Amino acid sequence: MTPTRDSRAQSIFDTLASMARERTSVETSDFAEKFVVQYFAGTAADDLLSVDVSNLYGAAMTHLTFARDRLPGTAKVHVYNPQFQQHGWQSTHTIVEIVMDDMPFLVDSVRMALNQRGLTTHLIVHPVVRLKRAPDGSLIDVLLPDDKDCSAVITEAVMHCEVDRQTETPILEAIRDDVEKALGDVAVAVEDWADMRLKLGEVIDSLRERPPPIDLNQLAEGIEFLKWMDNNHFTFLGYREYVLSSEAGQDELWSTASSGLGLLRNPLGASVSHGFATLSEEKRREARIPDLLVITKGNHRSTVHRPTYMDYVGIKQINAEGEVTGEHRFLGLYTSAAYNRNPRSIPLLRTKVKRIVEQAGYP
């Protein structure tokens, strides 16, 4: 009788657990066993069966050693070519090891960073493990999913990526830098996500309480669009406030000091927008037109979640005299839910659809 996929995988897990008990010290054998079993729990049995079990064990234990010391809020990245004499296991691929706080978008963003270098990702092992650490970040214990102890426990993403083998040290270092940059972008976007939504809520409240002197239908539809955007239709990645001013007869766009969130954090203070300065005179004049919303594509690809140009939603600040004085700028990605909606249900789009249908003259 052919064994089922689950039974084949279970046999490997049993062997890994036995190796952990036999090959580690009494002090560490308990959490080493819990780690190696969880390490491959989400990996397809076919992927496991194609690798010698000693290499599976070596990969897991090397990652456990790498994870032994980590302060919460930091990301650790190790890019190397495993050698049996040095690491206790070997592979024909280059290995990227990651340990950091668990959060959304990690797998997609890491794969994007690797793909940007033209690397094929042959395998990703991505267990989410609950680890108990001392105040200095040293590992105390590994918890199983059903363990009730929650004191000093951090849910951590432990990622193992196998990519095309690279041998040059500068290339290995560049891969590490790219992955660290991607993880940093994910972290700031996730950390500031709630604040970006809060900022959008403040903008909506301001438009209601102190409405700018623009067409009332445009204002109402614009507010509805912003509410729709916040209702699980937009992945917020960055926010920044800008002030539009005139210097020697030329318009300039300045970021407001420390207003940036997510990918648009600007801790160094206010700065002039060089991108705005390079626009044509006609485009700069458009910034003065008191239309409430600017909805377009940004000129930078996202390093988080999806490798596409980010969506740009600008909300113009318009004073009582109807003059544009600045902008609230949000960058992000429309969610899959947004793309699956009927345009007749989406603010702004629904008015365009209605107008087109009326102009077509068909019943």
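Note: the structure precedes this text.
Residues numbered from 1 in each chain as written. Predicted model: local features only at pLDDT ≥ 70, side-chain atom pairs only at ≥ 80, totals over all residues. Heavy atoms only, no water.

Trainee: Quick one: what's the story with the packing of helix α8 (residues 193–209) against helix α9 (residues 216–230), residue by residue and with numbers?
Mentor: The axes of two packed helices give the description: the angle between them and the distance between them. The contact between α8 and α9 brings their axes to 11 Å, and the two run at 160°. As summarised for this structure, α8 and α9 are arranged roughly antiparallel, according to the angle between their axes. Helix-helix and strand crossings are classified by hand; for α8 and α9 the assignment is left-handed. Contact with α8, carried on its side by R197, L200, I204, L207 and R208, involves L219, I223, L226, K227, M229 and D230 of α9 and no other residues of that element. A breakdown of the residues in the contact of α8 with α9 according to their chemical character gives seven nonpolar, no polar and four charged. (Axes fitted to C-alpha atoms, helices over the stretch in contact; angles between N-to-C directions. Helix = DSSP H or I, 4+ residues; strand = E, 2+ residues; numbered from the N terminus. Parallel < 35°, antiparallel > 145°, perpendicular 65-115°, else oblique. Left-handed = near helix turned anticlockwise from the far one by under 90°. Contact = heavy atoms within 4.5 Å. Nonpolar A, V, L, I, M, F, W, Y, C, P; charged D, E, K, R; others polar.)

Trainee: An account of the packing of aromatic side chains is needed here, citing residue identities and associated values.
Mentor: Scanning the entire structure with this criterion turns up nine aromatic pairs. Ring plane angle 35° and centroid distance 5.5 Å describe the contact between F35 and Y39, whose orientation is recorded as tilted. Within this pair, F35 and its partner Y39 are both found in helix α2 (residues 26–39), separated by four residues, close to a single helical turn. On the accessibility criterion, F35 (0% relative accessible area) is buried. With centroids separated by 6.5 Å and ring planes inclined at 90°, the aromatic side chains of Y334 and Y339 adopt a geometry described as edge-to-face. According to the relative accessible area criterion, Y339 is exposed, its value standing at 53%. Three or more aromatic residues link up through ring pairs in this structure, and these residues are F225, W228, F234, F236, Y239, F330, Y334 and Y339. It is K76 that lies over the ring of F66; its NZ or CZ is 4.5 Å from the centre. The ring of Y242 has R329 lying over it, and the distance from NZ or CZ to the ring centre is 4.1 Å. (Phe/Tyr/Trp six-rings, centres within 6.5 Å; stacked < 30°, edge-to-face > 60°. Buried < 20%, exposed > 50% of the residue type's maximum accessible area, 1.4 Å probe, protein only. Lys NZ or Arg CZ within 6 Å of the ring centre and 35° of its normal.)

Trainee: Quick rundown of empty space enclosed by the protein? Include the residues and the values.
Mentor: Overall, the coordinates contain one cavity of 30 Å³ or more when judged by the stated rule. Surrounding the largest cavity, 13 residues form its lining, F40, V51, L56, L123 and E162 being those nearest its centre. Broken down by secondary-structure element, the contributors of at least two residues to the lining of the largest cavity are α3 (45–49), α4 (53–67), β3 (121–125) and β6 (153–163). Top contributing element to the lining of the largest cavity by residue count: α4, with three residues. Along the lines of polarity and charge, the residues of the lining of the largest cavity split into eight nonpolar, three polar and two charged. (1 Å grid on protein atoms, 1.4 Å probe; cavity = no way out; pocket = protein on both sides within 12 Å on 5 of 7 lines; lining within 4 Å. Points joined across faces, edges and corners; volume = space filled by probe spheres on them.)

Trainee: Residue-level account of the layout of surface pockets, with values.
Mentor: Put simply, the largest pocket is a space of about 1,000 Å³. What lines the largest pocket is a set of 35 residues, among which L279, N299, Y312, E327 and R329 lie closest to the centre. For the lining of the largest pocket, the secondary structure elements donating two or more residues are α7 (169–191), β7 (234–247), α10 (274–277), α11 (281–286), β10 (293–301), β11 (309–318) and β12 (324–334). Considering each element in turn, the lining of the largest pocket owes the most residues, eight residues, to β10. Within the lining of the largest pocket, the residues separate by chemical class into 15 nonpolar, nine polar and 11 charged. Empty space within the second largest pocket amounts to approximately 590 Å³. Together, 23 residues line the second largest pocket, and I295, P347, L348, L349 and K352 are the ones closest to its centre. For the lining of the second largest pocket, the secondary-structure elements that each account for two or more residues are α9, β10, α12 (336–339) and α13 (349–360). Considering each element in turn, the lining of the second largest pocket owes the most residues, six residues, to α9. Classifying every residue of the lining of the second largest pocket by side-chain character gives 14 nonpolar, four polar and five charged.

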